[in-house]
Every structure is written in C-alpha cells, then in structure tokens.
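# Residue-level structure breakdown
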Amino acid sequence: MKKIIASSILVLVISPLVTSGSAFADFNATNGKYFCNTKDLDAERYGYSYFIYQENRYWEGERPGDIAATLLKTNFSSAMLDNLGKAYHCLKDNNIDPDSVQKIPTYLLEGLNLAKAQNPEKFAQIAPDFSNYVPVPEFGTLAGVIIAISIIGVIIISKRNS
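Quick summary incoming for the structure in this document. (Residues numbered from 1 in each chain as written. Predicted model: local features only at pLDDT ≥ 70, side-chain atom pairs only at ≥ 80, totals over all residues. Heavy atoms only, no water.)

### Overview of a nonpolar patch on the surface
- A contiguous nonpolar surface patch, about 340 Å² in accessible area, is contributed by Tyr46, Tyr50 and Tyr53.
- You can see Tyr50 is positioned in helix α2 (residues 41-59). (Patch = residues over 30% accessible without salt bridge, like charges linked within 9 Å, V, L, I, M, F, W, Y side chains within 5 Å. Areas by Shrake-Rupley, 256 points an atom, 1.4 Å probe, with all protein chains shown as cover. Salt bridge = Lys/Arg side-chain N within 4 Å of Asp/Glu carboxyl O. Helix = DSSP H or I, 4+ residues; strand = E, 2+ residues; numbered from the N terminus.)

### As for the pattern of salt bridges
- The tally for this structure, following the rule as stated, stands at three salt bridges.
- Between Arg45 and Asp42 there is a salt bridge, with its nearest N and O atoms 3.0 Å apart. Within this pair, Arg45 and its partner Asp42 are both found in helix α2, separated by three residues, close to a single helical turn.
- Of the residues examined, Arg45 reaches a relative accessible area of 31% and is grouped as partly exposed.
- Close ionic contact of Asp66 with Arg63 constitutes a salt bridge, the shortest N to O distance being 3.2 Å. (Buried < 20%, exposed > 50% of the residue type's maximum accessible area, 1.4 Å probe, protein only.)

### Some words on the packing of aromatic side chains
- Applying the stated criterion across every chain, the model contains four aromatic pairs.
- Between Tyr46 and Tyr50 the ring centres are 6.5 Å apart and the planes differ by 20 degrees, which places this aromatic pair in the stacked class. With Tyr46 and Tyr50 both in helix α2 and four residues apart, the pair spans about one turn of that helix.
- When its relative accessible area of 49% is taken as the criterion, Tyr46 is described as partly exposed.
- Owing to a relative accessible area of 36%, Tyr50 belongs among the partly exposed residues under this scheme.
- A ring pair is formed by Tyr58 and Trp59, whose centres lie 4.7 Å apart and whose planes are at 85 degrees; its orientation type is edge-to-face.
- An aromatic cluster of three or more residues is present, and its members are Tyr46, Tyr50 and Phe51. (Phe/Tyr/Trp six-rings, centres within 6.5 Å; stacked < 30°, edge-to-face > 60°.)

### A look at helix α4 (residues 79-93)
- Relative to the 21 Å expected for 15 residues at 1.5 Å per residue, α4 spans 21 Å between its end C-alpha atoms, a close match to the ideal helical length.
- The complete set of buried residues in α4 reads Leu81, Asp82, Asn83, Leu84, Gly85, Lys86, Ala87, Tyr88, Cys90 and Leu91.
- Asn95 lies just past α4 and shows a positive phi near 60 degrees. (Expected span 1.5 Å × (residues − 1).)

Distances and angles like these do not, on their own, reveal function.
Structure, rendered in structure tokens:
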C-alpha cells in the first residue's frame, strides 16, 4: 500500500514538471495575452480552435448586423478576438492553413467586417489586431446581397399594396 501511495505521489509531483514546459504555453493566464509557441504547433492548433469555439459560443445565433451593433456599443477591447487573430497569424507563419484546422464562422466574419465598415476607428479600439491577422472578407459582396434583398422586398411589398 505504501508503494502505491508513494508511486502516486511521485507521479503527481513529476507529471506537471514534465508537461508544464509546453502545455498551454501559448496563453498567459495572468494577463490573458496569447503568444506564438512554435515549439508546440499542436498546442497552436488547439488554441486556435479554442478561440474560435469561444467566439462561436458567444455569438452563435446572432446576425452579422447584431454582432456589429454590439461590438460598436462596447467600450473595451476584446482579448478573445485579439488572441484569435494572433493564433491565426502564428499558424500562417508556420505554414499551417488555419482553415484546415477550423474555419471562422462566416456570420462572425461578416459581423466583424460590418462593424469595421460602419466605424473603423471604434473597431480598431475593440479588435486592435484582429484585422491585421485575419483576412476579413470584402464588404462589397455582402452589401450587394443586402441591396438585392431590399429591392426584392420593396417590389413585393409594393405589389401587395397595389
């Protein structure tokens, strides 16, 4: 029994020392900042997926316009968006396609781009590094779709009223 207890204690003491060198080494829990860990690219993949998961969990079900409006109302920067952008950049710099790890949801990219188009200065305060790291799709395509839907809606409404 003493050998089992001694072995368990030894494993509990040694295992953190062995794994702590690289486990979660890309995220400083004290200040919430991310940094690229090129020695453990699997941790980078996991971190990138985690940041996307957290953003998706927070924004899931929201429309891009609502995301933009919410972001532009806030008065503080988003560490999670900043960390997501840095993780994206880290993967790209190490010849890993971030989309092969996990794709950022389209609705989220559209919401971020809409916020940036509506108020670039405010967006720079909220997500200072996000657009520097992650290519946000052009607003022209989304604007074209919105205009087309609006025109069709006006035509349908005016025909019903006639």
